[in-house]
Structure formats: C-alpha cells, structure tokens
Amino acid sequence: MNTVDDRQPLPDQATVTLARASAEEISRLLTQLPEADRARVQLDGRDLVLPRHALALLRDLLAEMAQGNAVTIVPTHAELTTQQAADLLNVSRPHLVKLLEQGAIPFTRVGTHRRIRYEHLMAYKAQRDESSKAALDELVEQAQEYNMGY
C-alpha cells in the first residue's frame with residue numbers, strides 16, 4: 001500500500017484511455033446490478049471475488065486516473081507529519097503548525113513531533129473549502145447587486 005510520502009507518476013495517455021474505459025464499464029455494471037454485493041474478476045486466468053465496496057473504490061480510482069491524476073490511497077486513520085499535512089492542504093508547514101496551535105485541527109504529539117489524523121485534516125479541508133465557497137458566493141451576489149458586469 002502506498003503512503004503519503006510515495007509520489008506516483010502521472011499516468012500516460014494509454015493508461016488514461018484504459019482507465020476511462022474501465023471506469024465507465026464498472027460504473028455501468030454497478031448501475032445495472034444494484035443488488036450485487038460482490039463481483040468476480042478474472043486476472044491471468046484466475047478468478048477473484050471482490051466486495052461491491054472495493055469495486056466502487058476501484059471505479060473511483062480509475063476515474064481519477066482517467067482525468068490524468070496520480071492516485072495515492074491513505075487510510076482514514078493514518079497519522080501524518082506536519083509536512084505531509086501541509087502538502088495536502090497546499091500550505092506552508094509553519095502555517096499548518098500555526099493552525100494546529102490555534103486548535104483549528106486536532107493533533108497529537110509523539111515526543112516533540114506533531115501528528116495529524118488524515119480524517120481530521122480532511123474535515124478541516126472540507127470546512128475550509130465550504131467557507132471559501134460561501135465567501136465567493138457572497139462576492140458574486142454583491143457583484144450582481146451592484147451591477148458590476150459579471
């Protein structure tokens with residue numbers, strides 16, 4: 001399993017095309033067979049049985065690859081370093097440490113090092129994104145109210 005430190009290369013065009021077709025087919029199957037709780041997949045002549053949840057996760061992973069994105073899987077209970085967390089939020093490490101010390105994101109200490117649970121970081125990110133969207137919506141509303149031409 002990959003960790004947050006692993007940097008995956010971006011998929012090439014052939015991989016993007018294959019991922020798109022595979023994601024579409026899995027999506028079709030999941031829609032056509034809503035009651036199916038598992039899927040049989042054949043790999044090199046061997047049958048594998050996957051739970052529906054794993055198939056849905058595979059579809060989502062392939063959809064990201066079809067967009068040309070590299071994908072890394074992180075368990076929700078994983079603990080991240082401050083640098084890893086800062087990278088995921090696209091902020092500097094000192095800014096992240098300031099957020100931690102202000103109580104914006106829960107963290108624990110391991111010796112002198114801070115650790116942030118992935119699920120807490122993503123909850124903060126979702127809240128931050130929602131606040132940004134609300135502020136942008138308010139600016140759009142004001143621009144329309146004052147007839148600013150956009």
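Refer to the structure above for everything that follows.
To start, this report covers the structure provided alongside it. (Residues numbered from 1 in each chain as written. Predicted model: local features only at pLDDT ≥ 70, side-chain atom pairs only at ≥ 80, totals over all residues. Heavy atoms only, no water.)

### Considering the overall build of the protein chain
No. 1: Counting its secondary structure elements, the protein chain contains 5 helices and 5 strands.
No. 2: The N-to-C order of helical and strand elements in the protein chain reads α-β-β-α-β-α-α-β-β-α.
No. 3: A principal-axis box enclosing the C-alpha atoms of the protein chain has dimensions of 55 × 55 × 35 Å.
No. 4: Every one of the 150 residues in the protein chain was classed for burial, and the buried ones make up 21%. (Helix = DSSP H or I, 4+ residues; strand = E, 2+ residues; numbered from the N terminus. Buried < 20%, exposed > 50% of the residue type's maximum accessible area, 1.4 Å probe, protein only.)

### A closer look at the pairing of strand E5 (residues 113–117)
No. 1: Residues of E5 alternate between two faces, with Arg114 and Ile116 buried on one and His113, Arg115 and Arg117 left unburied on the opposite face.
No. 2: Where strand E4 (residues 108–110) and E5 come together, 3 bridges link them in antiparallel fashion. Across the sheet, residue Arg109 finds its bridge partner in E5, namely Arg114.
No. 3: What sits between the antiparallel neighbours E4 and E5 is a turn of 2 residues, in which Gly111 has the positive phi angle 65°. (Pairing = 2+ DSSP bridges.)

### As for helix H3 (residues 82–89)
No. 1: Buried within H3 we find Thr82, Gln84, Ala85, Ala86 and Leu89.
No. 2: For H3, the elements touching its buried residues are strand E3 (79–80), helix H4 (93–101), E5 and helix H5 (118–145).
No. 3: Following H3 by one or two positions, Asn90 adopts a phi angle in the positive range, close to 60°. (Contact = heavy atoms within 4.5 Å.)

### Here we look at the pattern of salt bridges
No. 1: Summed over the entire model, instances satisfying the criterion amount to 9 salt bridges.
No. 2: Between Glu101 and Arg109 there is a salt bridge, and its shortest N-O distance comes to 3.5 Å.
No. 3: For Glu101, a relative accessible area of 46% corresponds to the partly exposed category.
No. 4: Look at Arg109 and you get partly exposed, because its relative accessible area is 45%.
No. 5: A cluster of three or more residues bridged by salt bridges with shared partners is formed by Glu101, Arg109 and Arg114. (Salt bridge = Lys/Arg side-chain N within 4 Å of Asp/Glu carboxyl O.)

### Topic: a nonpolar patch on the surface
No. 1: Taken together, the side chains of Leu136, Leu139 and Val140 make up a nonpolar region of the molecular surface, amounting to roughly 280 Å² of accessible area.
No. 2: Here Leu139 lies in helix H5.
No. 3: Leu139 sits in the exposed class, given a relative accessible area of 52%. (Patch = residues over 30% accessible without salt bridge, like charges linked within 9 Å, V, L, I, M, F, W, Y side chains within 5 Å. Areas by Shrake-Rupley, 256 points an atom, 1.4 Å probe, with all protein chains shown as cover.)

### Remarks on the sheet that holds E4
No. 1: The 3 strands are arranged E3-E5-E4 in an open sheet whose pairing can be described as antiparallel. One side of each edge strand has no neighbouring strand; the edge strands of this open sheet are E3 and E4.
No. 2: Strand contacts of H4: E4 and E5, with the helix running at about 80° to E5, the strand carrying the most contacts. (Axes fitted to C-alpha atoms, helices over the stretch in contact; angles between N-to-C directions.)

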